[in-house]
Structure formats: C-alpha cells, structure tokens
Amino acid sequence: MDEDCLFCKIIEGSIPAAKVYEDEQCVAIEDINPQAPTHILLIPKRHIATVLDLAPEDAALVGHLHLNAADIARKRGLTDGFRLVFNCNAGAGQTVYHIHLHLLGGRTFGWPPG
Ligand code: 5GP
Ligand code: ZN
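Report on the accompanying structure. (Residues numbered from 1 in each chain as written. Chains lettered and ligands numbered in written order. Predicted model: local features only at pLDDT ≥ 70, side-chain atom pairs only at ≥ 80, totals over all residues. Heavy atoms only, no water.)

Across its full length, the chain holds two helices and five strands. In the chain, the succession of helices and strands from N to C terminus is α-β-β-β-α-β-β. Each principal axis of the C-alpha atoms in the chain carries an extent, and together these give about 40 × 30 × 30 Å. The burial tally for the chain puts 37% of its 114 residues in the buried class. Excluding contacts between residues fewer than 6 apart, the proportion of contacts in the chain whose partners are at least 24 apart in sequence is 54%. Element-wise, carbon and sulfur atoms account for 54% of the exposed surface of the chain, whose accessible area totals about 6,600 Å². (Helix = DSSP H or I, 4+ residues; strand = E, 2+ residues; numbered from the N terminus. Buried < 20%, exposed > 50% of the residue type's maximum accessible area, 1.4 Å probe, protein only. Contact = heavy atoms within 4.5 Å. Areas by Shrake-Rupley, 256 points an atom, 1.4 Å probe, with all protein chains shown as cover.)

If you want it as structure tokens, here you go:
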C-alpha cells in the first residue's frame, strides 16, 4: 500500500470505483474517463509503479492480468477486436503510477496509436 497512490486507495476501498472483477491478485474497474464503449483497468493489488519496475517473479502476475482481460472481453462479446495497453512513463501518457492494463473495446481502433 502506497499512501499517495490513487489505485492503492481504490483497492483498499477508501476511494470508490465501479468494480467489475476481483480476485486475490487483482481488481478490474471501469475507467472514470472511458476512451471506448468498454474501458476497463486491470490493476494488481500490489503496488508496482511502472512496467519497468516489474521483476522476473512478476511474470505470472502480468499473465494473470492478461488472462482476466481476455475473459472480460469474451464475456462482453468483444472478440472481434479489442486492445490491451500498458502505458509506461510520461512519454506514453502514464498518469497513475501503479501499473494497470487498459482493456478497450466496442469500437474500431487505428494503428499506429496516437
Ligand atoms: P494511464 O494514463 O496512467 O495509463 O491511465 C490512468 C487511467 O486511470 C486513465 O484512463 C484515467 O481515466 C483513469 N482514472 C484516473 N483517475 C481515476 C479514478 O479515480 N477512478 C477510475 N475508475 N479511473 C481513474
Ligand atoms: Zn498503488
């Protein structure tokens, strides 16, 4: 728990969020400012600031986030196309320094991303 971290506060429950999934390792919440009809954030319960702070022993956790994102995409009928994104550091638009996997779906996406 990082006292200054928005997502740690959401995980702890002191800041509310629309939770769509939870298990012992992660939570999934609706993004407060959705960029697509479905925009969900998969967040590990343990505070990790950026993808660059991941250690080899976190590999299963990162996989776990992706597998749960795929489950949610399947349940929401998004299998024609969805996007999974980790933004890392300011140059990529990271604003909350507790890693989170964006699941975006429900519209078509351009490539390359902006
Ligand atoms: P980043 O830019 O760090 O990759 O993504 C942070 C995401 O968190 C943004 O999409 C933003 O809309 C979302 N966000 C910021 N504050 C809150 C909040 O208080 N609640 C929820 N549910 N999402 C938030
Ligand atoms: Zn945190």
